[in-house]
Amino acid sequence: MMTTKLIKDFLDELFAIDERNRLAAHNGMVIYQKPLVAIAAADDPLFESYRDPGIIGPDYIPPREWLPGASSVVSYFMPFSKPVRESNHEPGFPSGEWLSSRIDGEVFNDVVRAALADFLKSLGGEALAPVLDSRFKNFGVYSNWSERHAAYAAGLGTFGLNKSFITAAGCAGRFGSAITSLELTPSPRPYADHTSNCPWLTIGACGACIERCPSGAITEAGKDKSICRHYLDDVIKPRFNPLHGCGKCQTSVPCEDGIPLADR
Ligand code: SF4
Ligand code: SF4
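Just so it is clear, the structure is predicted and the values come from calculations on it, not from any experiment.

Participant: Just give me the short version of the overall build of the chain, but keep the residues and values in it.
Facilitator: Check the secondary structure of the chain and you find nine helices and ten strands. On C-alpha atoms alone, the chain measures out to a radius of gyration of 18 Å, which is about the 18 Å that the 2.2 N^0.38 rule sets for 264 residues. By principal-axis analysis of the C-alpha atoms, the chain measures approximately 50 × 40 × 40 Å. Across the chain, the fraction of contacts at a sequence separation of at least 24, relative to all contacts at a separation of at least 6, is 75%. Surface exposure of the chain reaches about 12100 Å², of which carbon and sulfur atoms provide 53%. On the chain, the mean spot of the 26 positive side-chain charges and the mean spot of the 31 negative ones are 2 Å from each other.

Participant: Give me the lowdown on the environment of Tyr231, citing residues and values where you can.
Facilitator: Residue position: Tyr231 is located in helix H9 (residues 225-240). Residue Tyr231 is classed as buried on the basis of its relative accessible area of 12%. Between the C-alpha atom of Tyr231 and that of Gly216, which follows or precedes it by 15 residues, the distance is 9.5 Å. Residues contacting Tyr231, with those up to four places away along its chain left out, are Gly92, Phe93, Pro214, Ser215, Ile236 and Cys246.

Participant: Describe the sheet that holds strand E5 (residues 127-128), naming the residues involved and giving the relevant values.
Facilitator: Taking strand neighbours across the sheet as the criterion, the four strands line up as E3-E4-E8-E5 in an open arrangement whose pairing is antiparallel. On the outer flanks of this sheet lie strand E3 (36-41) and E5, each paired with one strand and no other. Judged from the six bridges that link them, E3 and strand E4 (residues 72-79) form a sheet pairing that is antiparallel. Paired with Leu36 across the two strands is Phe77, which belongs to E4. The sheet strands contacting helix H5 (residues 96-122) are E4, E5 and strand E8 (173-180), and the helix crosses E8 at an angle near 20°.

Participant: So what's going on with unusual backbone geometry? Which residues, and what values?
Facilitator: That bond from Asn241 to Pro242 is cis: its omega, 10°, falls within 30 degrees of zero. Topologically, Pro242 is positioned in the segment after H9. The backbone of Asn27 sits at a positive phi, close to 55°, despite the residue not being glycine. Secondary-structure assignment places Asn27 in the loop between strand E1 (22-23) and strand E2 (29-30). The phi angle at Lys163 is positive, at roughly 70°, despite the residue not being glycine. Residue classification places Lys163 among the partly exposed residues on the basis of a relative accessible area of 36%.

Participant: Requested: an account of H9, with residues and values cited.
Facilitator: Of all the bends found along H9, the most pronounced is centred on Leu232 and spans about 30°. Those residues of H9 not exposed but buried are Tyr231, Leu232 and Ile236.

What counts, and at which threshold
Residues numbered from 1 in each chain as written. Chains lettered and ligands numbered in written order. Predicted model: local features only at pLDDT ≥ 70, side-chain atom pairs only at ≥ 80, totals over all residues. Heavy atoms only, no water. Helix = DSSP H or I, 4+ residues; strand = E, 2+ residues; numbered from the N terminus. Rg over C-alpha atoms; globule rule 2.2 N^0.38 Å. Contact = heavy atoms within 4.5 Å. Areas by Shrake-Rupley, 256 points an atom, 1.4 Å probe, with all protein chains shown as cover. Lys, Arg positive; Asp, Glu negative; His and termini not counted. Charge placed at Lys NZ, Arg CZ, Asp CG, Glu CD. Buried < 20%, exposed > 50% of the residue type's maximum accessible area, 1.4 Å probe, protein only. Pairing = 2+ DSSP bridges. Axes fitted to C-alpha atoms, helices over the stretch in contact; angles between N-to-C directions. Bend = angle between axes of the 7 residues up to and from the residue.

What follows is the structure in structure tokens.
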């Protein structure tokens, strides 16, 4: 447990002092607030189950194939800062701050991935971040490693109607992970299944992301990824090139910065 606290303290400091966690084009606006960090056991059967075609598919690579001898997966969620989130509350086109955060924020995410792996090595373990590994492949709609499925195994949250991943700090943000041979204590998974944090999927309440979506990609039945993708490629990208993104379904909704109805 102590090592997990060391990891959290290390990342908190990195987020506080690294200039790459700021938007140069927007007066140095902070991109991410402090991250959530959780641990999954590398041999958790969930990882093997992700090879099921109904979940991710046979191309998925579980932790011990990325790193033989792996014991733990460190997963983190980086919530967008309040100014970044609020900049995207207006309906319609995405804010400049949101678009920049999607690009600069993912650059910083790679910084975090590499720094986390180095820190785990400094603690005496082997470590790697799958997304930075030469074997990592993105097939378009899925990859051979999923940050959000790692987060689910680590107890960080569950999926929503909008196909975002809802954590205790909401869904507006980005995820990352590193695999290590260090034996860390797995975090609790405080939910019944992969839908528990979305009231629409559990009790038929909310549905706010349906109204927020400018492309009609989200309906009561779920999110049509191809409609969303066409909107991003055909409407957003030509207008804001090279920036692209939208995120209306992650902002000004009850799951933006927390778990809806969590205190009921
Ligand atoms: S806005 Fe409501 S229905 Fe949509 S994902 Fe968030 S909690 Fe679920
Ligand atoms: S990103 Fe935008 S277009 Fe895509 S589902 Fe969310 S709100 Fe709709």
